[in-house]
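So the chains spell out like this:
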Amino acid sequence: FGNLAEGLKYVKCDALLTEMSKKLTTQYISRRLAEARMDAFDNDEFARLFYLAPAQAYRVLHRLTSAGALKRLANGRYVFAALGEAPILGQPFFLGTRLVEPSYVSFWSALHYYGWTEQAPRLVFVANTRLSRRRTVEPYAFRLVKIPPKRFFGYTLAREADVEFPMAEPEKAVVDSLYLPGHA
């Protein structure tokens, strides 16, 4: 160390990280995630919030998933399940829009949400700019539909049972369905 101030700064930082790693109980993590309003997050966001190295964050996430405090949605994407059945786990629209971001619920799912079709789809249709595939997060099935970035607009936050998620506006749901009629 060049001088005493740099050495003390290093010691303080090391002490903080050591103290943080001692506090990584499920209860502490649950409280911090709730305070940060992080219902869904990825590996990097978790590591930044708790000042962890990627390998250590992975181990903690694995432990929490095994304990039932987190539910793994996709590679590196998790949802906070608390210590029991969390309300967000019963919200397929919320879960679907957390599989890939940015995204919003559209197509047949949005048409049903707005009451324009009585027939409920078996899949939740999620529009995004990155992936096109089917995905399952028990007990729900999702169809991720890739759309060009220039068509990614016209959505708003919808609310269902105290959970917010991006939903296509009514007009946009119709436009998306006309653009890709196989998903309507």
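Residues numbered from 1 in each chain as written. Predicted model: local features only at pLDDT ≥ 70, side-chain atom pairs only at ≥ 80, totals over all residues. Heavy atoms only, no water.

Q: So what's going on with the overall build of the protein? Residues and values would help.
A: Helix and strand content of the protein: seven helices and nine strands. Looking at the protein as a whole, 42% of its 184 residues are labelled buried. Taking contacts inside the protein between residues at least 6 apart in sequence as the whole, the part at least 24 apart equals 50%. Accessible surface computed for the protein: about 10,800 Å², of which carbon and sulfur atoms make up 53%. (Helix = DSSP H or I, 4+ residues; strand = E, 2+ residues; numbered from the N terminus. Buried < 20%, exposed > 50% of the residue type's maximum accessible area, 1.4 Å probe, protein only. Contact = heavy atoms within 4.5 Å. Areas by Shrake-Rupley, 256 points an atom, 1.4 Å probe, with all protein chains shown as cover.)

Q: Before we move on, could you go through a nonpolar patch on the surface and cite the residues and values that matter?
A: There is a patch of nonpolar side chains on the surface, built from W116, V174 and L178 and spanning about 340 Å² of accessible area. Tracing the sequence through the fold places V174 in helix α7 (residues 170–179). (Patch = residues over 30% accessible without salt bridge, like charges linked within 9 Å, V, L, I, M, F, W, Y side chains within 5 Å. Salt bridge = Lys/Arg side-chain N within 4 Å of Asp/Glu carboxyl O.)

Q: So what about the packing of aromatic side chains? Which residues, and what values?
A: Each pair of aromatic rings is reported with the distance of its centres and the angle of its planes. Under the definition given, this model contains 12 aromatic pairs. Measuring from ring centre to ring centre gives 6.3 Å for F41 and Y78, while their planes differ by 25°; the resulting arrangement is stacked. Of this pair, F41 sits in strand β1 (residues 40–42) while Y78 sits in strand β3 (residues 77–80); the two residues are 37 residues apart in sequence, bridging distant segments of the chain. There is no split in this pair, since F41 and Y78 are both buried. With 5.9 Å between their ring centres and 75° between their planes, F93 and Y113 make a pair best called edge-to-face. With F93 in helix α5 (residues 92–99) and Y113 in helix α6 (residues 107–113), this residue pair connects regions lying 20 residues apart in the sequence. (Phe/Tyr/Trp six-rings, centres within 6.5 Å; stacked < 30°, edge-to-face > 60°.)

Q: Can you lay out the sheet that holds β3 for me, pointing to particular residues and giving the numbers?
A: Pairing within the open sheet is antiparallel, and its three strands lie in the order β1-β3-β2. The open sheet has two free edges, formed respectively by β1 and β2 (70–74), since each of these has just one partner strand. Direction aside, the axes of adjacent strands within the sheet are offset by 30° on average. For β2 and β3, the ladder comprises four bridges, and the chain directions are antiparallel. Bridging from a neighbouring strand, K71 pairs with V79 of β3. (Pairing = 2+ DSSP bridges. Axes fitted to C-alpha atoms, helices over the stretch in contact; angles between N-to-C directions.)

Q: Break down the pairing of strand β6 (residues 133–137) for me, citing the residues and quoting the values.
A: Alignment of β6 against strand β7 (residues 140–146), held across five bridges, turns out to be antiparallel. Looking across to β7, one finds that R134 is bridged to R143. The loop that links β6 with its antiparallel partner β7 comprises two residues.

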